[in-house]
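# Fold and geometry: a report
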Amino acid sequence: MTSHPRDTPQFYLTAPSPCPYLPGQEERKVFTHLVGRRARDLNEILTQGGFRRSQTIAYRPACESCRACVSVRVVVEDFAITGSQRRILQRNAGLIGTPEPNRPASEQYALFRRYLDARHGDGGMVDMTVLDYAMMIEDSHVDTHLVVYRERGPDSAIHGRGVGAPVAVCLTDVLADGLSMVYSFYDPEQANRSLGTYMILDHIQRARALGLPYLYLGYWVDGSRKMDYKAKFLPQERLMPQGWVRVD
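About the cut-offs
Residues numbered from 1 in each chain as written. Predicted model: local features only at pLDDT ≥ 70, side-chain atom pairs only at ≥ 80, totals over all residues. Heavy atoms only, no water. Disulfide = S-S within 2.5 Å. Pairing = 2+ DSSP bridges. Helix = DSSP H or I, 4+ residues; strand = E, 2+ residues; numbered from the N terminus. Axes fitted to C-alpha atoms, helices over the stretch in contact; angles between N-to-C directions. Contact = heavy atoms within 4.5 Å. Phe/Tyr/Trp six-rings, centres within 6.5 Å; stacked < 30°, edge-to-face > 60°. Buried < 20%, exposed > 50% of the residue type's maximum accessible area, 1.4 Å probe, protein only.

### What to know about the state of the cysteines
- Evaluation of the coordinates by the stated rule reveals zero disulfides.
- Cysteine cysteine 19 shares no disulfide, and the gap to the nearest cysteine sulfur, in cysteine 69, comes to 6.1 Å.
- Looking at the unpaired cysteine 63, the closest cysteine sulfur is the one in cysteine 66, lying at 5.9 Å.

Now the structure itself:
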């Protein structure tokens, strides 16, 4: 009988379910648990292999008839900002993003609920309770934190923190070769600020300041309008059957 160490990852396959991105398609995922003393190293390896993290689960698509989901990562050092992206940075110059421990707070959940109700009212996360949110934020065995964006205040130049309720929040993993934006949300009533794009631009700057070569954005889905925005951050690398391929 073959035995396995306790921390050897075991992989599982989900049953088919409707695809949330492409009508008429079904999705399946392969997943494993990120627990134990090797969780951090395993998360590094799997992220580089196209997996994404959700709490203590690492997963990637394993659909039988579709390969539309493609892992993408921005090449930080060579990133070429466009004119429209530069204007988005300027539009949000009054925000300060502060790294904070991955601890849930009531003001975060209030923002999260408004975001879901306005942007993803028919999505799979719409029924998440405050306890579900707390688990999403703090249930982790890897190096992760929150970046919480607030408006600048009169003393922000001194202590480097914004004031008031959060305008946007991103749960961010720190990897050996980059930052990974696990999940982000923002005030839906401030859609004119393009806060989703702003957080990506801000994370590119954060990765550059840390000397990290990549920013992992998750999956770009060819044919899905929801995911079109990820193709606008160039140059980027996309994980193809032959490995990571640069797209300029």
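### Section: the sheet that holds strand 1 (residues 12–13)
- Taking strand neighbours across the sheet as the criterion, the four strands line up as 1-4-6-5 in an open arrangement whose pairing is antiparallel. The open sheet has two free edges, formed respectively by strand 1 and strand 5 (52–54), since each of these has just one partner strand.
- Across five bridges, the pairing between strand 4 (residues 29–33) and strand 6 (residues 57–61) is antiparallel. For threonine 32, the partnering residue across the bridge sits in strand 6 and is alanine 58.

### Considerations on the sheet that holds strand 8 (residues 95–100)
- Taken together, eight strands build an open sheet; the order of strands is 8-9-10-11-12-7-13-14 and the sheet is mixed. For this open sheet the edge positions go to strand 8 and strand 14 (243–247), each flanked by a neighbour on one side alone. On average, each strand axis in the sheet is tilted by 35° relative to the strand beside it, whichever way the strands run.
- Pairing of strand 7 (residues 69–75) with strand 13 (residues 236–240), which is carried by three bridges, proceeds in the antiparallel orientation. Across the sheet, the residue bridging to valine 72 is arginine 238, located in strand 13.
- Its contacts with the sheet place helix 3 (residues 106–119) against strand 9 (144–151), strand 10 (163–175) and strand 11 (178–186), and it is angled at close to 75° to strand 11.

### A short note on the packing of aromatic side chains
- Following the criterion strictly, the structure yields 15 aromatic pairs and no others.
- Considering the side-chain rings of tyrosine 12 and phenylalanine 31, the 5.5 Å spacing of their centres and the 35° angle between planes classify their relative orientation as tilted. Of this pair, tyrosine 12 sits in strand 1 while phenylalanine 31 sits in strand 4; the two residues are 19 residues apart in sequence, bridging distant segments of the chain.
- We classify tyrosine 12 as partly exposed; its relative accessible area is 39%.
- Ring geometry for tyrosine 115 against phenylalanine 185: centres 6.5 Å apart, planes inclined by 45°, an arrangement best described as tilted.

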